[in-house]
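# Structure assessment
These are the residues of each chain, in order.
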Amino acid sequence: MVREIVTYPAEILKKPTEKVDVVDREIRSLIRDMFDTMYQAEGVGLAANQIGVPLRIMVIDTTPKEEAPDLKLVLINPELVSSEGKIKYKEGCLSFPGLTVEVERAMKVKVRGLSEEGEEVELELEGFPAIVFQHELDHLDGITFIDRLKGWRRRIALEKYKKLLKEGERVP
Ligand code: ZN
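Presented here is an overview of the structure given in this document. Here the residue numbering is sequential within each chain, running from 1 through the sequence in written order. With the structure being a predicted model, the display of local features is reserved for residues of pLDDT at least 70 and the display and counting of side-chain atom pairs for 80 or more, all residues being used for whole-chain, interface and lining totals. To obtain the side-chain values, all non-hydrogen atoms of the structure were used and water was disregarded.

### Some words on the coordination of the zinc ion
Only nitrogen, oxygen and sulfur atoms within 2.8 Å of the metal, or 3.2 Å for Na, K and Ca, are treated as donors, and water is left out, so sites may look incomplete. With distances of 2.0 to 2.2 Å, the protein atoms coordinating the zinc ion are Cys93 (SG), His135 (NE2) and His139 (NE2). Linear spacing of the donor residues for the zinc ion on their chain is C-x41-H-x3-H. Taken together, the residues span a long stretch of sequence, with Cys93 in the loop between β4 (87-92) and β5 (100-105) and His139 in helix α2 (residues 128-140) at a distance of 46 residues. A helix here means a DSSP run of H or I that spans at least four residues, while a strand means a run of E at least two residues long, and both kinds are numbered starting from the N terminus.

Right, dumping it as structure tokens:
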């Protein structure tokens, strides 16, 4: 089921989410909704709080992104184990419709969490999938991509976003 995507500046996007205790049917149904919602919005990653559920769950599917390695992933209670290198990339976010900002992140990350079956998984991501993981992990910690910008860069991005919101209001 496609759910409504929460857009900034909603409070739920600014608060850290809570750990999932048990991976049960309800959680798996939520994950299906997250994929449905992400595909409908043509996104490549989604955090549960972006559909109004404050739990530590992310889904990723980089398949639509042509030049990037394909990765389809569900991570429950994800953690960043280690990171190395740096990469700058112009990111978009389903909670900031129309806005793109250049963010610097780690090039390579080792991550771990639980699968949809509740099993522990650990994997290494590099390049685009690593960027998406870090973007979604930030969401789960109540951090959005504009929080990764400093000073005037952040101010400009916020101004741009406010303008986009106003323009959106005029669309019938
Ligand atoms: Zn986002």
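### Some remarks on the packing of aromatic side chains
The aromatic pairing rule takes the rings of Phe, Tyr and Trp, using the six-membered ring of Trp, and pairs them if the centres are within 6.5 Å, calling planes under 30 degrees apart stacked, those over 60 edge-to-face and the rest tilted. Overall, the coordinates contain 6 aromatic pairs when judged by the stated rule. Judged by centre distance (4.6 Å) and plane angle (20 degrees), the rings of Tyr8 and Phe96 are stacked. Of this pair, Tyr8 sits in the segment before α1 (25-40) while Phe96 sits in the loop between β4 and β5, and the two are 88 residues apart along the sequence. Neither residue differs from the other here; Tyr8 and Phe96 are each classed as buried. Here a set of aromatic residues connected by ring pairs shows up, and it is made of Tyr8, Phe96, Phe145 and Tyr161. Geometrically, a charge over a ring is one whose NZ (Lys) or CZ (Arg) sits within 6 Å of the ring centre while staying within 35 degrees of the ring normal. Taking NZ or CZ as reference, Lys14 lies 5.3 Å from the ring centre of Tyr8, over its face. Over the ring of Phe35 we find Lys72, and its NZ or CZ is 4.8 Å from the ring centre. Three exposure classes are used, based on accessible area relative to the maximum for each residue type with a 1.4 Å probe and protein chains only: buried under 20%, partly exposed in between, and exposed over 50%.

### Things to note about the sheet that holds strand β6 (residues 108-114)
Strand-to-strand pairing in sheets goes through backbone hydrogen bonds, with the strands running parallel or antiparallel. Strand order in the open sheet made by the 5 strands is β1-β2-β3-β6-β7, with antiparallel pairing throughout. Only two strands of the sheet have a single partner each, and these edge strands are β1 (45-47) and β7 (120-126). Ignoring which end each strand starts from, the neighbouring axes of this sheet average 40 degrees apart. Residue contacts follow a heavy-atom distance rule, with two residues in contact if any of their heavy atoms lie within 4.5 Å. Here the axes come from fitting lines to C-alpha atoms, over the contacting stretch only for helices, and the angles between their N-to-C directions go from 0 to 180 degrees. Relative to the sheet, α1 contacts β1, β2 (57-61) and β3 (72-84), its axis offset from that of β2 by approximately 40 degrees. Any two strands with at least two DSSP-identified bridges between them are counted as paired.

### Notes on the pattern of salt bridges
We define a salt bridge as a contact between a side-chain nitrogen of Lys or Arg and a carboxyl oxygen of Asp or Glu at a distance within 4 Å. By the definition in use, this model includes 12 salt bridges. Between Arg3 and Asp33 there is a salt bridge whose closest N-O contact spans 2.9 Å. Of this pair, Arg3 sits in the segment before α1 while Asp33 sits in helix α1, placing them 30 residues apart in sequence. Looking at Asp33, the relative accessible area reads 8%, which means it is buried.

### Side note on the side chain of Asp61
Relative to the assigned elements, Asp61 resides in strand β2. Within the buried core, Asp61 has no salt-bridge partner, and the shortest N-O distance to an opposite charge, that of Lys72, equals 5.0 Å. A 3.5 Å cut-off defines polar contacts: any pair of N or O atoms within that distance qualifies, except that in protein one atom must be a possible hydrogen donor and the other a possible acceptor, and neighbouring residues in sequence count only when both atoms are side-chain atoms. In terms of polar contacts, Asp61 uses its side chain to reach the side chain of Thr63, at 2.4 Å. His residues and chain termini do not enter the charge count, which takes Lys and Arg as positive and Asp and Glu as negative.

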